[in-house]
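Summary of the model geometry
One letter stands for each residue in the lines below.
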Amino acid sequence: MLVGAAENGAEAANMALAKAAMERAQTAGLTTIRMTETWSRGERKLPADDRVKLSNAIGAATFSDVRVILSIYPYGSSQTPLTQEQQADFAAFAADVAEAFPTVHDFIVGNEPNLNRFWLPQFGPNGEDLAAQSYESLLAATYDAIKAVRPHSTIYGGAVSPRGGDNPEGSRPTHSPTAFITDLGAAYRASGRQVPIMDAFAFHPYPEYSSLGPNFPHPRSTSIGLADYDKLVGLLGQAFDGTAQRGSGLPILYDEFGIETQIPPAEADLYTGAEPRTTHPVDEATQAKYYRQAMAMTYCNKTVMGILLFHVVDEAPLDRWQSGVYYADDTPKSSLPAVRAAADAVHRNEIASCPGLELTPKITLKTLPPQDGSTRVSLTCDLDCRYTAQLDGGRKLRGTATGGVATTLVFPVAPQPGKHRVDAWSLATLNAGPVGHRALTFTS
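Residues numbered from 1 in each chain as written. Predicted model: local features only at pLDDT ≥ 70, side-chain atom pairs only at ≥ 80, totals over all residues. Heavy atoms only, no water.

We now examine the environment of Cys-381. For Cys-381, the location among the structural elements is in strand S10 (residues 374-381). Spatially, the C-alpha atoms of Cys-381 and Thr-407 are 8.9 Å apart, while their sequence positions differ by 26 residues. Setting aside chain neighbours within four positions, we find Cys-381 in contact with Pro-361, Lys-362, Ile-363, Thr-402, Gly-403, Gly-404 and Ser-426. (Helix = DSSP H or I, 4+ residues; strand = E, 2+ residues; numbered from the N terminus. Contact = heavy atoms within 4.5 Å.)

Turning our attention to the layout of surface pockets. Counted as a void, the largest pocket has a volume near 1200 Å³. Lining the largest pocket are 39 residues; nearest its centre among them are Glu-112, Arg-117, Tyr-206, Phe-310 and Trp-321. At the level of elements, strand S2 (32-39) and strand S3 (67-74) are the ones that each hand at least two residues to the lining of the largest pocket. At 3 residues, the largest contribution of residues to the lining of the largest pocket is made by S2. (1 Å grid on protein atoms, 1.4 Å probe; cavity = no way out; pocket = protein on both sides within 12 Å on 5 of 7 lines; lining within 4 Å. Points joined across faces, edges and corners; volume = space filled by probe spheres on them.)

We now examine the packing of helix H1 (residues 15-27) against helix H2 (residues 48-63). If you want to describe how two helices pack, look at the angle between their axes and the distance between the axes. Direction vectors running N to C along H1 and H2 enclose 50°, while the axes themselves pass 8 Å from each other. With respect to each other, H1 and H2 are oriented oblique. Considering only the axes of H1 and H2, their crossing is right-handed. Taking contact as the criterion, the partners of Met-15, Ala-18, Lys-19, Met-22 and Glu-23 in H1 are, on H2, Asn-56, Ala-57, Ala-60, Ala-61 and Phe-63. (Axes fitted to C-alpha atoms, helices over the stretch in contact; angles between N-to-C directions. Parallel < 35°, antiparallel > 145°, perpendicular 65-115°, else oblique. Left-handed = near helix turned anticlockwise from the far one by under 90°.)

On to H2. An ideal rise of 1.5 Å per residue puts 22 Å on 16 residues; H2 measures up with 22 Å between its terminal C-alpha atoms. Packed against the buried residues of H2 are H1, S2 and S3. Residue Asp-65 follows H2 closely and has a positive phi angle near 60°. (Expected span 1.5 Å × (residues − 1).)

In this section: the state of the cysteines. Counted under the stated rule, the structure contains 2 disulfides. Covalently, Cys-300 is tied to Cys-354 through a disulfide, its sulfur atoms 2.0 Å apart. The S-S bond linking Cys-300 to Cys-354 shows a torsion near -75°; that makes this disulfide left-handed. Of this pair, Cys-300 sits in the loop between helix H7 (284-299) and strand S8 (304-309) while Cys-354 is found in the loop between helix H8 (336-347) and strand S9 (363-371), placing the two residues 54 residues apart along the sequence. Of the residues examined, Cys-300 reaches a relative accessible area of 31% and is grouped as partly exposed. Exposure remark for Cys-354: the relative accessible area of 5% places this residue in the buried category. The disulfide partner of Cys-381 is Cys-385, and the S-S distance across this bridge is 2.2 Å. Measuring handedness by torsion sign, the sulfur bridge of Cys-381 and Cys-385 sits at about 70° and is right-handed. For the pair Cys-381 and Cys-385, a shared accessibility class is recorded, and that class is buried. Along the protein, the cysteines engaged in disulfide bonds are linked according to the scheme 1-2, 3-4 when indexed in sequence order. (Disulfide = S-S within 2.5 Å. Buried < 20%, exposed > 50% of the residue type's maximum accessible area, 1.4 Å probe, protein only.)

Time to look at the packing of helix H3 (residues 84-100) against helix H4 (residues 130-149). Interaxial distance between H3 and H4 falls to 8 Å at its minimum, and their mutual angle equals 35°. The hand of the H3/H4 crossing is right-handed. Two secondary-structure elements touch here, H3 through Gln-87, Phe-90, Ala-91, Ala-94, Ala-95, Ala-98 and Glu-99 and H4 through Ser-134, Ser-137, Leu-138, Ala-141, Thr-142, Ala-145, Ile-146 and Val-149. The class makeup of the residues in the contact of H3 with H4 is 10 nonpolar, 4 polar and 1 charged. (Nonpolar A, V, L, I, M, F, W, Y, C, P; charged D, E, K, R; others polar.)

So, on to H7. Between its first and last C-alpha, H7 extends 23 Å over 16 residues, near the 22 Å set by a 1.5 Å rise per residue. For H7, the complete set of buried residues consists of Glu-284, Thr-286, Gln-287, Ala-288, Tyr-290, Tyr-291, Ala-294, Met-295, Ala-296, Thr-298 and Tyr-299. In this structure, the buried residues of H7 make contact with strand S1 (2-6), strand S7 (252-257), S8 and H8. The N-capping residue of H7, defined by a side-chain oxygen 3.1 Å from the backbone nitrogen of Ala-285, is Asp-283. (Polar contact = N/O pair within 3.5 Å; in protein donor to acceptor, adjacent residues only side chain to side chain.)

As summarised here, the arrangement of the 3 strands in space is S9-S10-S13, forming an open sheet in which the pairing is antiparallel. With one partner strand each, in any of the chains shown, S9 and strand S13 (407-411) form the two edges of the open sheet. Within this sheet the neighbouring strands show an average axis-to-axis angle of 25°, counted without direction. Bridging between S9 and S10 involves 7 bridges; their strand directions are antiparallel. Considered in S10, the bridge of Leu-368 is made with Arg-376. (Pairing = 2+ DSSP bridges.)

Tallied over the full model, the rule gives 15 salt bridges. Of the charged contacts in the structure, one is a salt bridge between Lys-45 and Asp-96, with a shortest N-O distance of 3.6 Å. Of the two residues, Lys-45 sits in the loop between S2 and H2 while Asp-96 sits in helix H3, which places them 51 residues apart along the sequence. Here Arg-348 and Asp-344 are joined by a salt bridge, their closest N and O atoms 3.0 Å apart. Residue classification places Asp-344 among the partly exposed residues on the basis of a relative accessible area of 34%. Salt bridges sharing partners connect three or more residues here, namely Arg-34, Asp-255 and Glu-256. (Salt bridge = Lys/Arg side-chain N within 4 Å of Asp/Glu carboxyl O.)

A few words now on the environment of Leu-336. Its place among the elements puts Leu-336 in helix H8. Taking the C-alpha atoms as reference points, Leu-336 and Gly-213, 123 residues apart in sequence, are found 18 Å from one another.

Before going further, it helps to examine the side chain of Gln-79. Note that Gln-79 resides in the loop between S3 and H3. Of the polar contacts made by the side chain of Gln-79, one reaches the backbone nitrogen of Arg-41; its length is 2.9 Å. If we ignore the near neighbours within four places in the chain, the residues touching Gln-79 are Trp-39, Ser-40, Arg-41 and Pro-74.

Structure, rendered in structure tokens:
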């Protein structure tokens, strides 16, 4: 499962700054970064300045072995692409971004189109959901445009906000995710399209306020949080099952989830403005606890492919997001080690025991120079594992290996001239599935 962050700090004109930002994420155990590129009406090509910044960020990510996801969306509701021409421009722009960066394979289309802040109009004169209709046509056009230049890329639709009013007469016209997903499916069915509009679904499962945490469900409302996985899958199934677009089996990326922290007096000078009363920030230990809880919950969700924290580094204005694991001056919070440990536990399959989840560790074997009359082989499991290894059918070695960490196997047999074979078997220490096997043949 992907564990990362939504963070634009690496989009810098200076490569050194971009590398520093990616290294901060990697230090926190966050190995996927979602960055954004905004579109304005009339644009069909990525601006030169943005190309330089994204190029630096993506280069820094490659250097730090960080996966990049690019989110492409209109620059606010005043730039909503509504006409066929505007949507064609947006699709061409997205394809240009995709073509410019061949090492990036993940693209999110749009951002919270169920909110008036990012998409207008939301409602028609009779209360109909115009946002879902127009977003569906934009997503279809953009899917086709990106696939034409990058056929093996992954296109994410949705990026839907967890709450909304569903009141066309309200002062702030918005749609709940329940209504928006339902209406998006209806728009897709009405279009008669016989190919998908997305390969995965992005969602923003923020709690109502930070002190609520990730495990608060919404069984009797139209809101959706992390604890409402079954509800989200059910909505996707109702919207799309039986069409060319996957629904209940659609992979889900939680691409924004944030818990804001209280700012210690010693760090107060780094920040400006005032904290909104509705935020309810928590202490750093609670932030770490909630982030680990969120990772464990999503790890056990069958179709969830990852979770991205919002952000790596705090934003300085207090009316924005202080949800990073670094303060606004890039110094680490006390929550960072615990978040890093949680992310590492995800990557090693040690974050949670999940009913029905059965995993088989993948084994890598490499020969090492012989030493002291013994044969030495390096074994690495991608997940925490118990292993059994055997050289030329002889005595078996048994032990445990930490996921991603090489273990040296020492067979007390001097390597004789000729061909030899090492067999290794692995079993996951948690969520165990079938036994894995790998053989290595070498000549000494």
